[in-house]
Amino acid sequence: MPTANLSSHTVRLDELMQKIAKHKGCSSSGKTGCGSKAGSGDLPPEIWEKVKNHPCYSEEAHHHYARMHVAVAPACNMQCNYCNRKYDCANESRPGVVSERLTPEQAVKKVLAVASAIPQMTVLGIAGPGDPLANPDKTFKTFELVAKAAPDIKLCLSTNGLALPDYVDTIQKFNIDHVTITINMIDPEVGAEIYPWIFYRHKRYRGKEASKILSERQLEGLEMLTERGILCKVNSVMIPGINDQHLVEVNRAVKARGAFLHNIMPLISAPEHGTVFGLRGQRGPTAQELKALQDKCEGEMNMMRHCRQCRADAVGLLGEDRSQEFTLEKLRTQEVKYDLATRRAYQELVEQERKAKAQAKQQELQALAGTRSELKILVAVATKGGGRINEHFGHAKEFQIYEVSATGAKFIGHRRVDLYCQGGFGEEDALSTILQALGDCHAVLVAKIGGCPKAELKAAGIDPVDQYAGQFIEQSAIAYFKEYLAKVERGEIEHRARGDAQIRQGGLLAGVA
Amino acid sequence: MPYKIVADNCTGCSACEPECPNKAIYETPDGLFAIDPNKCTECIGFYDEPQCVAVCPIEDTCVIDTRYPRYQAV
Ligand code: SF4
Ligand code: SF4
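Residues numbered from 1 in each chain as written. Chains lettered and ligands numbered in written order. Predicted model: local features only at pLDDT ≥ 70, side-chain atom pairs only at ≥ 80, totals over all residues. Heavy atoms only, no water.

Caption draft 1: Quick look at helix H16 (residues 473-490) of chain A. A rise of 1.5 Å per residue sets the reference length of H16 of chain A, with its 18 residues, at 26 Å; its end C-alpha atoms lie 26 Å apart and thus fit the reference within 8%. After H16 of chain A finishes, the residue Gly491 of chain A shows a positive phi value of roughly 80°. (Helix = DSSP H or I, 4+ residues; strand = E, 2+ residues; numbered from the N terminus. Expected span 1.5 Å × (residues − 1).)

Listed below in structure tokens is the structure:
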């Protein structure tokens, strides 16, 4: 848990955010640094209010707050080529796949237990394992019960959009202010490659006809939601050779209809998942392909890069899967008391920590002002949360990647590494997979690191840095960058571009639904 | 002939259950779904295609049960 660490003069958070936004030149270029990434940025106040504690929508918030999903919606109304509906195994985690199905009553009990144990849990989502709106009774019953028992928890919903227009009024009635729609295409030709069929109005449609209906329904639903002031995020799965170029058009279309964020995530398609894409050998994008597409779309609207594609029932800070602590079996024997007071107290502490963090970053940025370098480097960070460098290299299950330049530190994504360590691989294999996952990074910032991996990282051209242990991430990344620049200028080191990195297959996915 | 659900294929996703116009589909104690042959009308009189077949995500899971005669519309 983070502790408050405020320096003597306090600055109001919103003022600070404005300064940061100005510093990053939001108004002039509009290209980078806007919106969710740097606090409120240029978002309208009512939207910032909605997103500021939402770990899925605000990159800044996801360091501190958490969401959970409950698997109450098993049925689906269509088929995607990246989904294998037969798949259901606790050892594997893939989009929309969970091993435990809950009734609305069980789900509420779980939500209360988790919320009491984890005060940073502020968002409840229903995303599957099928489509929530193909299970409307179960989905809305769950929302109704949670709203009654834990009124401080925000509700959100992820859908493929096919049934969305029919439920917009219900969504509004239940006070659900965050909806995620997965939109992978707006062109039925492209859609036919992704969706074999849909079930709509008592009929199964295939091919282009299916995708035409789907696309119309998705865009109609999106427009209806934003008209009513309900916050909408769009998820897209990047499938190289099928919709990668097309997603730029999707980006434009969803922005025009008022979507607030666009989250482009990589296709996960290992053959052992048994999906059509997996069996066909359809590959996912590399880290650089993904980033290039995200960069291309960024000028259009806020891009979300912190999505870890977590499991649909993941609990805890995004990516930190604590679901095994709250299985049905354990809940049956457990008395649950909803502890609102502790939750409030924790959340106040977090607000202080967030202010301190923003302030530290601002100070470091000022020191960088006037630097006129075109250099950009990527640094990887080992963190347990709270926005600090507080994880040992060897314990890190994932690294956060920041792009640092003279304009500041920009979060660009996560790299999972833990899965490689399972299944009997030795330490050395684990290390080499980490090296691959961080192949495009110049440095890795950690709380601590052993001598052996240190030497190997150096040999691979990645600078292992533990001098910022315990400190705020962005502040440290900028400080590291300053030093890096100074060394390059003094001729101590030579700046070299780095290679591409691999996006790990398997594991940890959720956002697809 | 009514339809039946091949238990080995069924994932228990429940998608078929609410679609049946005759409420012929029910959940079994092991969390899968089954069709009551006395209630199934093959969707005749309701829809052009059997709804359970059209919505089921797994091919060859909702199939004709040849042990029974064809459904006769009354
Ligand atoms: S739709 Fe198919 S897989 Fe799902 S419960 Fe019905 S028969 Fe089983
Ligand atoms: S064929 Fe129609 S009536 Fe028979 S079980 Fe399936 S949905 Fe019900």
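Caption draft 2: Representation of the interface of chain A and chain B. Contacts between the two partners involve 14 residues from chain A, matched on the other side by 16 residues from chain B. Where chain A abuts chain B, roughly 1,300 Å² becomes buried across the two surfaces, and 49% of that area is made up of carbon and sulfur atoms. Contact with chain B buries surface across chain A, with Phe199, His202 and Arg204 of chain A losing the most and accounting together for 42% of the total. The tally of links from chain A across to chain B stands at one salt bridge. When the shortest N-O distance is used, the salt bridge between Arg204 of chain A and Glu59 of chain B registers 3.6 Å. Taken together, the connections running from chain A to chain B amount to 10 residue pairs in polar contact (both at pLDDT 80 or more). Of all elements in the fold, only strand E6 (197-200) and strand E7 (203-206) of chain A reach the threshold of two or more residues within the side of chain A that touches chain B. Among the residues making up the side of chain A that touches chain B, the classes are represented as five nonpolar, three polar and six charged. (Contact = heavy atoms within 4.5 Å. Buried area = accessible area lost by both parts, 1.4 Å probe. Salt bridge = Lys/Arg side-chain N within 4 Å of Asp/Glu carboxyl O. Polar contact = N/O pair within 3.5 Å; in protein donor to acceptor, adjacent residues only side chain to side chain. Nonpolar A, V, L, I, M, F, W, Y, C, P; charged D, E, K, R; others polar.)

Caption draft 3: Summary view of the site of ligand 2. Neighbouring ligand 2 are 13 residues; Cys20, Asn22, Cys40, Cys43 and Cys52 of chain B lie closest to it. Residues that form the shell around ligand 2 fall into these classes: nine nonpolar, three polar and one charged. (Near = heavy atom within 4 Å.)

Caption draft 4: Molecular detail of the packing of aromatic side chains. Residues and elements named next belong to chain A. This structure, assessed with the given rule, holds seven aromatic pairs over all chains. In this structure an aromatic cluster arises from ring pairing among Phe140, Phe143, Tyr167 and Phe174. Geometry around Tyr205 places Lys203 over its ring, the cationic atom sitting 5.1 Å from the centre. Positioned above the aromatic ring of Trp197, the side-chain terminus of Arg204 is 3.7 Å from the ring centre. (Phe/Tyr/Trp six-rings, centres within 6.5 Å; stacked < 30°, edge-to-face > 60°. Lys NZ or Arg CZ within 6 Å of the ring centre and 35° of its normal.)

Caption draft 5: The arrangement of the pattern of salt bridges in detail. All names here are of chain A. Taken as a whole, this structure holds 14 salt bridges over all chains when the rule is applied. Linking Asp166 and Arg201 is a salt bridge whose minimum nitrogen-to-oxygen distance equals 3.3 Å. Remark: Arg201 occurs in the loop between E6 and E7 and Asp166 occurs in helix H6 (residues 164-173); sequence separation between them is 35 residues. Notably, a salt bridge pairs Arg283 with Glu289, separated by 2.9 Å at the nearest N-O pair. Relative accessible area serves as the criterion here: at 30%, Glu289 is assigned to the partly exposed category. Connected through salt bridges with shared partners, the residues Asp166, Arg201 and Arg217 form a single ionic network. (Buried < 20%, exposed > 50% of the residue type's maximum accessible area, 1.4 Å probe, protein only.)

Caption draft 6: Structural detail: the site of ligand 1. Contacts to ligand 1 come from Ile5, Cys10, Thr11, Gly12, Cys13, Ser14, Cys16, Phe33, Cys56, Pro57, Thr61 and Cys62 of chain B. Taken together, the residues of the shell around ligand 1 break down into eight nonpolar, four polar and no charged.

Caption draft 7: Fine view of the packing of helix H4 (residues 104-117) of chain A against helix H5 (residues 136-149) of chain A. Residues and elements named next belong to chain A. Following both chains from N to C, one finds H4 and H5 inclined at 40°, their axes separated by 9 Å at the closest point. The orientation of H4 relative to H5 falls into the category oblique. The element H4 and its partner H5 pack so that their crossing is right-handed. Each of Pro104, Glu105, Ala107, Val108, Val111 and Leu112 in H4 lies in contact with H5, whose residues at this interface are Lys138, Lys141, Thr142, Leu145, Val146 and Ala149. (Axes fitted to C-alpha atoms, helices over the stretch in contact; angles between N-to-C directions. Parallel < 35°, antiparallel > 145°, perpendicular 65-115°, else oblique. Left-handed = near helix turned anticlockwise from the far one by under 90°.)

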